[in-house]
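Structural description and commentary
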Amino acid sequence: MSYTAAANRKNPALIIYLLDCSGSMATQDVKLNDGSTETRMNVVLKAFEESVIRMIQLSTKGTVISPRYRLAVYAYTSDVQDVFGGIKTIDQVAQIGLPTLTAQTQTNTEAAFLRAEELLRAELPKLSVGVPAPLICHMTDGEVNMGGDASIVAQRIMRMNVPDGNVLIENIFVSPSAQLLRDTAIDAKSWPGISSPTELINDYAKRLFEMSSAVPDSYRSMMLEMGYKGLQLGARMMFAGNDYPLIKMAFAMSTATPVR
């Protein structure tokens, strides 16, 4: 698997965001840089916005935004909302703006992954040599309380492929780090990533680890360029914690497709 195809106007990268909007996302326990706290939902939306801005910047030459990225966004609770009403190119997203999402009701993660799988089955036959492998970026703050086992769907998705490589899945678990990681003293810029489930003490976090792809070398190089110098070879695309710098890093990973 090379994962070296670069996102450009002719061969845009497809990124699918699955965002957990269950009621617990209204919990105010995410630590900000100044020591204060914010709701999980607001922090996630801020990090997501910064990532979209980065994609716009990487796609802009002069005043023209090139369709270098294609985005689909699914917000899920007990059901799944197609936020953009299908795939939108990054220049279209710049015009539309980002959605306002609110935390509500329950969590059906399987339904969200099934929607992503359905989209990929429709899109993959259209992707030719030179197109970057698609990425699913999944953000959640807790275990499912309805639906089936999302990990079964995720494993099927990770076996889907294009010439550049298998579909990638990244997981972001927004929850108090003391409940997730054995080592809770994390500096995002020097953090090595999670390379083994033994680094996690939460069973659901361990399941998300198994649903996460290994970080491709090309993505790791892009992250190093963004200042995340500690990320190690062999780390998974799995992030767990509840401070803003780490959540920002996690969403930055979703923008780390090689570009030209």
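Residues numbered from 1 in each chain as written. Predicted model: local features only at pLDDT ≥ 70, side-chain atom pairs only at ≥ 80, totals over all residues. Heavy atoms only, no water.

1. A look at the overall build of the protein chain
Counting its regular elements, the protein chain contains 7 helices and 13 strands. In terms of overall size, the protein chain behaves like a compact globule, its C-alpha atoms giving a radius of gyration of 17 Å where 260 residues would be expected to give roughly 18 Å. Structurally, the protein chain occupies a C-alpha span of about 45 × 40 × 35 Å along its principal axes. Here the protein chain contributes 24 positive and 26 negative side-chain charges, whose respective centroids are spaced 8 Å apart. (Helix = DSSP H or I, 4+ residues; strand = E, 2+ residues; numbered from the N terminus. Rg over C-alpha atoms; globule rule 2.2 N^0.38 Å. Lys, Arg positive; Asp, Glu negative; His and termini not counted. Charge placed at Lys NZ, Arg CZ, Asp CG, Glu CD.)

2. Description of the side chain of Glu-170
The topology assignment puts Glu-170 in strand β12 (residues 168–174). When sequence neighbours within four positions are dropped, the list of residues in contact with Glu-170 reads Leu-135, Ile-136, Cys-137, His-138, Met-237, Phe-239, Ala-250, Phe-251, Met-253 and Ser-254. (Contact = heavy atoms within 4.5 Å.)

3. Some thoughts on the pattern of salt bridges
Counting across every chain of the model gives 8 salt bridges. Shared partners join several salt bridges into a network, and the residues in it are Asp-29, Arg-40 and Asp-141. (Salt bridge = Lys/Arg side-chain N within 4 Å of Asp/Glu carboxyl O.)

4. Some words on the pairing of strand β9 (residues 135–140)
Most of β9 is tucked away, with 6 of its 6 residues classed as buried. Note that strand β1 (residues 13–20) and β9 share 5 bridges and pair parallel. Considered in β9, the bridge of Ile-15 is made with Leu-135. As defined by bridge partners, β9 adjoins β12 across 6 bridges and the pair is classed as parallel. Along β12, the bridge assignment pairs Leu-135 with Leu-168. (Buried < 20%, exposed > 50% of the residue type's maximum accessible area, 1.4 Å probe, protein only. Pairing = 2+ DSSP bridges.)

5. Details of the packing of aromatic side chains
Scanning all chains against the criterion turns up 5 aromatic pairs. Between Phe-48 and Phe-251 the ring centres are 6.1 Å apart and the planes differ by 45°, which places this aromatic pair in the tilted class. One end of the pair, Phe-48, is in helix α1 (residues 40–58); the other, Phe-251, is in helix α7 (residues 244–253), and 203 residues separate them in sequence. The pair formed by Phe-48 and Phe-251 is uniform in burial state, with each residue classed as buried. Through pairs of rings, three or more aromatic residues link up here, namely Tyr-17, Phe-48 and Phe-251. The positively charged end of Lys-189 is found above the aromatic ring belonging to Tyr-228, 4.3 Å away from the centroid. (Phe/Tyr/Trp six-rings, centres within 6.5 Å; stacked < 30°, edge-to-face > 60°. Lys NZ or Arg CZ within 6 Å of the ring centre and 35° of its normal.)

6. Thoughts on helix α6 (residues 217–225)
Those residues of α6 not exposed but buried are Ser-218, Tyr-219, Met-222 and Met-223. Viewed along the axis of α6, the buried residues span an arc of 140°, placing them on a single side of the element. (Arc of directions from axis to C-beta.)

7. A word on the environment of Ile-96
Following the sequence through the fold, Ile-96 ends up in helix α2 (residues 90–96). Among the residues examined, Ile-96 registers a relative accessible area of 48% and is labelled partly exposed.

8. Points about the side chain of Thr-257
Among the secondary structure elements, Thr-257 is positioned in the segment after α7. Here Tyr-219 takes part through its side chain, which lies 3.0 Å from a polar atom of the side chain of Thr-257. (Polar contact = N/O pair within 3.5 Å; in protein donor to acceptor, adjacent residues only side chain to side chain.)

9. Some words on α7
Helical geometry note: an α-helix holds 3.6 residues per turn, so side chains three or four residues apart project in the same direction. Burial of α7 is extensive: 8 of the 10 residues sit out of reach of the surface. For α7, the capping residue at the N-terminal end is Asp-243, with a side-chain oxygen 3.1 Å from the backbone nitrogen of Leu-246.

Interpretation in functional terms is not warranted from these geometric data alone.
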